[in-house]
Amino acid sequence: MPELPEVESARQALEGALDREIQAVDDSDEWVSRPHRPGDIARALVGGRLVAAHRRGKTMWLDTVGPDGEAGPPLGVHLGMGGRIIVTGPDGERGGGEPVRPDRTPRKAEWDRFTMTFTDGGQLRLFDKRRLGRVRLDPDISLLGPDAETITREEFRTRVGRGRAPVKARLLDQSVLAGVGNLLADEILWQAAVSPSAPAGDLDGDTLDRLYAAMQRAIAAAITNGGAHTGEVFPFRHGDASCPRCGAPMVHGTVGGRTTWWCSAEQS
């Protein structure tokens, strides 16, 4: 599933759709546009514009205005497991979301699950082969914790460093901290040399500060380099690998319900 860095790349692509008059909306896929009926999103947005693109964790939404310039309903966009945003216009095509791979199957028109066409001829499309993405009006983000990229050190300490759950589970809990997925969590814990199974409430202030700094570095690097799969420890998440820092064997297990890899020496 796309994590914060991939979703941020999609949000940046959405900026190319701002301040362009909406001519038409194809919201005919009732599953992707649930709970709306076909035509509901179109009626709310045609003639208006998208004016700002936001993200909290893995969730994106767009502010809208109607033809009269008055604020319209926010438009929520979720990439699902492997969605990608495509925006076309006079300057060409911009994309963001699931990383582009050389071996990927060529895009098929039927995999465009939601399409917005602008009066200048360009489009915004949600491309989603698996049909697990979602587009809806007035998305509810009230259950999400603070964004992992912008949370302060003090708030991170308070929200993550509590309870008996493994620290990896706390990092993955989107109501605690929004945006960290499985790959980022393993990268953060490896960079900070912290056991993924350590009870979060047992971590002292210095360890939590080390985790916070590692998270900030990991997110910034992943956004720059193209996704959570570009982390330093990612290539070593397999059975015969050694830790790239100390050379000890990498090991794996299930922590917080997710497959987890860690260094057998530094994260014991």
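Cut-off values and rules
- Residues numbered from 1 in each chain as written.
- Predicted model: local features only at pLDDT ≥ 70, side-chain atom pairs only at ≥ 80, totals over all residues.
- Heavy atoms only, no water.
- Pairing = 2+ DSSP bridges.
- Helix = DSSP H or I, 4+ residues; strand = E, 2+ residues; numbered from the N terminus.
- Axes fitted to C-alpha atoms, helices over the stretch in contact; angles between N-to-C directions.
- Contact = heavy atoms within 4.5 Å.
- Salt bridge = Lys/Arg side-chain N within 4 Å of Asp/Glu carboxyl O.
- Buried < 20%, exposed > 50% of the residue type's maximum accessible area, 1.4 Å probe, protein only.
- Phe/Tyr/Trp six-rings, centres within 6.5 Å; stacked < 30°, edge-to-face > 60°.
- Lys NZ or Arg CZ within 6 Å of the ring centre and 35° of its normal.

A. Broad picture of the sheet that holds strand E2 (residues 49-56). Taken together, four strands build an open sheet; the order of strands is E2-E3-E4-E9 and the sheet is antiparallel. Both edges of this open sheet fall to E2 and strand E9 (134-137), since each of them pairs with a single strand only. Put simply, the sheet's adjacent strands are angled 20° from each other on average, direction ignored. The pairing of strand E4 (residues 75-78) with E9 spans four bridges and is antiparallel. Residue pairing for E9: His78 is matched across the bridge by Arg134. Sheet contacts for helix H1 (residues 4-14): E2 and strand E3 (59-65); angle to E2, the most-contacted strand, approximately 165°.

B. Inspection of the pattern of salt bridges at higher detail. Across all of its chains, the model carries 17 salt bridges by this definition. We note a salt bridge from Glu154 to Arg153, for which the minimum N-O separation is 3.7 Å. By relative accessible area, which is 48% here, Glu154 ends up partly exposed. Relative accessible area serves as the criterion here: at 39%, Arg153 is assigned to the partly exposed category. Glu266 is paired through a salt bridge with Arg245; the nearest N and O atoms lie 2.7 Å apart. Separated by 21 residues along the polypeptide, Glu266 in the segment after strand E11 (258-263) and Arg245 in the loop between helix H6 (205-225) and strand E10 (250-255) bring together distant segments of the chain. Arg245 gets classed as partly exposed once you look at its relative accessible area, which sits at 38%. Taken together, the shared-partner salt bridges connect Glu8, Arg11, Glu15, Arg55, Asp147 and Glu149 into one network.

C. Here's a closer look at the packing of aromatic side chains. Taken as a whole and judged by the stated rule, the model has two aromatic pairs. Note on Phe156 and Tyr212: the rings are 5.5 Å apart at their centroids and 55° apart in plane angle, and the pair reads as tilted. A residue pair is termed long-range when its members are at least 10 positions apart, and Phe156 in helix H3 (residues 153-160) and Tyr212 in helix H6 qualify at 56 residues. We note that Phe156, like Tyr212, is buried. One Lys or Arg, Arg34, reaches over the ring of Trp31 and ends 3.8 Å from the middle of that ring.

D. Geometry of H1. Along H1, nine of the eleven residues are buried, which leaves the element largely enclosed by surrounding structure. Regarding H1, the residues found buried are Leu4, Pro5, Glu6, Val7, Glu8, Ala10, Arg11, Ala13 and Leu14.

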